[in-house]
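Listed here are the chains, written in short residue letters.
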Amino acid sequence: MNLINKKVTHKLFGMGSVVKHNDSSIEIHFETEKKKFVFPDVFEKHLKLHDKGDASSLEKIIEKRELERREEEWQKEEELKLLRKNQDLRQQHEKLMKNHKLHPESQMVFWCDEEEQSTAFTEWKVFSGVAKSGVNKGKPNKPIRLFENSAVLLTAVDPDSSEKERRILGVYMVKEDFIGKLSQDGNIPAHSKFRLKLTEEEANNMLFWNYYVNEKFTHKMTWNTGKHRYFNNLWMAQILRDIVSLKTDPQEQELAQQFFDYFCKINKISAQELPNPNGALKRI
């Protein structure tokens, strides 16, 4: 808007007229001197336009600027909150990494439905599900035992097959810096390197219950509820060792061997002293 030669009144300097103005400043000639002010801020408290039409237009400009200012302040506050949150997460992450002690059952096995059997190997992640009760009802489950030493086993059983025929479809190490306790979205992402998918023929030779056993009911092979469960670190090592023996492609076998070696190292397992599988199927 053009305010040149418009009459104004200042609370301290009295009446004057506008001689210059742009988007950020305005210069006014009073009776004895010229003064420059911040535009349009000076009109909020100290300066008044005589022309009512111009005053109304200016008021709208000021209101728009105020909304923009508040939006900018809100954005900065949100950025600051996010920064503080990320700093807190980093501090928690560093503390947990420093004080982490290996849990003997920090591996996870998933029951994959038909859709997950596809997406798990394309996106290389699984979802831990949501809490069905308690204070966290409806929120993603936190896989609190999963740490950088953990691997995720992907399994499935055909609808017309018995539970004892549950097959191992693949396995992956969790992402390098993953800590389940700090998980916000329930997703469990894969390591950048250590990921193995079994062919259908290989999966048919890798039955889950050859390794897994319920120590209270050693001959019982049931998966009653839930999509996942934790299991023993040694069992995962046995599974990885058998996958190495199963693979015939040289590159895949080399990756499986590296995976196994890395898993044993990070879980402090002696590959030479690793016992043979003794799951529920082995005890029939």
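Structure shown above.
Everything numeric here is computed off the predicted structure, so don't read it as measured data. (Residues numbered from 1 in each chain as written. Predicted model: local features only at pLDDT ≥ 70, side-chain atom pairs only at ≥ 80, totals over all residues. Heavy atoms only, no water.)

Quick look at the sheet that holds strand β1 (residues 7-10)
Pairing between sheet strands relies on hydrogen bonds along the backbone, with the strands arranged either parallel or antiparallel.
In step 1: The five strands lie next to each other as β4-β3-β2-β1-β5, forming an open sheet whose pairing is antiparallel. Both edges of this open sheet fall to β4 (34-38) and β5 (47-49), since each of them pairs with a single strand only. Across the sheet, the mean angle separating the axes of adjacent strands is 40 degrees when strand polarity is ignored.
In step 2: Here β1 pairs with β5 via three bridges, running antiparallel. Note on β5: the bridge partner recorded for His 10 is Leu 47. (Pairing = 2+ DSSP bridges. Helix = DSSP H or I, 4+ residues; strand = E, 2+ residues; numbered from the N terminus. Axes fitted to C-alpha atoms, helices over the stretch in contact; angles between N-to-C directions.)

A short note on the sheet that holds strand β10 (residues 187-197)
In step 1: If you trace the six strands from one edge of the open sheet to the other, you get β7-β10-β9-β8-β6-β11, paired in mixed fashion. If you trace the sheet from one side to the other, it starts and ends with β7 (125-127) and β11 (228-231), each paired once. Across the sheet, the mean angle from the axis of one strand to that of its neighbour is 35 degrees, orientation sign disregarded.

Focus: the pairing of β11
In step 1: Side chains of β11 alternate between two faces, with Arg 229 and Phe 231 buried and His 228 and Tyr 230 left unburied.
In step 2: Across four bridges, strand β6 (residues 107-111) lies against β11 in antiparallel orientation. Bridge pairing links Met 108 to Tyr 230 in β11. (Buried < 20%, exposed > 50% of the residue type's maximum accessible area, 1.4 Å probe, protein only.)

By themselves, these are just geometric observations and shouldn't be taken as functional.
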